[in-house]
Amino acid sequence: EAQVTQNPRYLITVTGKKLTVTCSQNMNHEYMSWYRQDPGLGLRQIYYSMNVEVTDKGDVPEGYKVSRKEKRNFPLILESPSPNQTSLYFCATKTGSLSYEQYFGPGTRLTVT
Amino acid sequence: QKEVEQNSGPLSVPEGAIASLNCTYSDRGSQSFFWYRQYSGKSPELIMFIYSNGDKEDGRFTAQLNKASQYVSLLIRDSQPSDSATYLCAVTRGLIQGAQKLVFGQGTRLTINP
């Protein structure tokens, strides 16, 4: 079954404690990205990756890091989380950088206290 | 001005009626337009996309695009309670460093009343 998985699905943490949210896809998609979703602001892109070892900033990259060492995985790293990073995070993939249809993971709800 | 604007709602429509969802965008260079449906607590799923001016129909859904007015809409005919969800409008920003990037509106919450 084609799918995008994220872990953890829910996380409550404290300010400053480093965390990683994993994203994995089994569709052999080249393009992967991370979004955050906040009430009234919609989905905003954090980082994206057009292929292995190729990543770039989206619209709201501050406070986040990513890496793409394998095609199937695209982890999102928060080195020092702050309360303003409390949000719902989605990983999304698509076939290639020029394709349109994105497939979203199930989401990770993060709370930073 | 936001790049993509939607009325956040909630929009309440009786079962069986037509639900009309609207979206405006600011970038005249945008080429492709998408409607995603998001149930509460779930991830967005693509339901329609449109590239050309005019209407595009898929079952009970019709997407309408007017590039001159920078306006895109989604009509849902014979609305069902299962259509109750948040509908996200998304617009391509154009090629940036070889990638098609999507910009999302804040979403319109639709409730279908039995």
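Residues numbered from 1 in each chain as written. Chains lettered and ligands numbered in written order. Predicted model: local features only at pLDDT ≥ 70, side-chain atom pairs only at ≥ 80, totals over all residues. Heavy atoms only, no water.

Draft legend 1. Expanded view of the sheet that holds strand E3 (residues 19–25) of chain B. Residues and elements named next belong to chain B. An order of E1-E3-E8-E7-E6 is seen for the five strands of this open sheet, with the pairing classed as antiparallel. Looking at which strands have only one partner, the edges of the open sheet turn out to be strand E1 (4–6) and strand E6 (54–58). Adjacent strand axes in the sheet meet at a mean angle of 20° when their direction is disregarded. When E6 meets strand E7 (residues 61–66), the two strands line up antiparallel, connected through five bridges. Counterpart to Asp-55 in the pairing with E7 is Gln-64. (Pairing = 2+ DSSP bridges. Helix = DSSP H or I, 4+ residues; strand = E, 2+ residues; numbered from the N terminus. Axes fitted to C-alpha atoms, helices over the stretch in contact; angles between N-to-C directions.)

Draft legend 2. Here's a closer look at the side chain of Ser-73 of chain B. Residue and element names in this part refer to chain B. With respect to the helices, strands and loops of the structure, Ser-73 is situated in strand E8 (residues 71–76). Using a relative accessible area of 1% as the deciding quantity, one classes Ser-73 as buried. Residues in contact with Ser-73, not counting those within four places in the same chain, are Leu-21, Asn-22, Trp-35, Thr-62, Ala-63 and Gln-64. (Buried < 20%, exposed > 50% of the residue type's maximum accessible area, 1.4 Å probe, protein only. Contact = heavy atoms within 4.5 Å.)

Draft legend 3. Representation of the state of the cysteines within the structure. The final tally for this structure, using the stated rule, is two disulfides over all chains. The disulfide that involves Cys-23 of chain A links it to Cys-91 of chain A, with 1.9 Å between the sulfurs. On the sign convention where negative means left-handed, the S-S torsion of about -70° between Cys-23 of chain A and Cys-91 of chain A marks this disulfide as left-handed. Taken as a pair, Cys-23 of chain A in strand E3 (residues 19–25) and Cys-91 of chain A in strand E9 (residues 87–94) lie far apart in primary sequence, 68 residues in all. Comparing Cys-23 of chain A with Cys-91 of chain A shows no difference in burial state: the two are buried. Each sulfur in the disulfide pair Cys-23 of chain B and Cys-89 of chain B lies 2.1 Å from the other. On the sign convention where negative means left-handed, the S-S torsion of about -75° between Cys-23 of chain B and Cys-89 of chain B marks this disulfide as left-handed. With Cys-23 of chain B in strand E3 and Cys-89 of chain B in strand E9 (residues 85–96), this residue pair connects regions lying 66 residues apart in the sequence. (Disulfide = S-S within 2.5 Å.)

As far as function goes, none of this settles anything; it's purely spatial.
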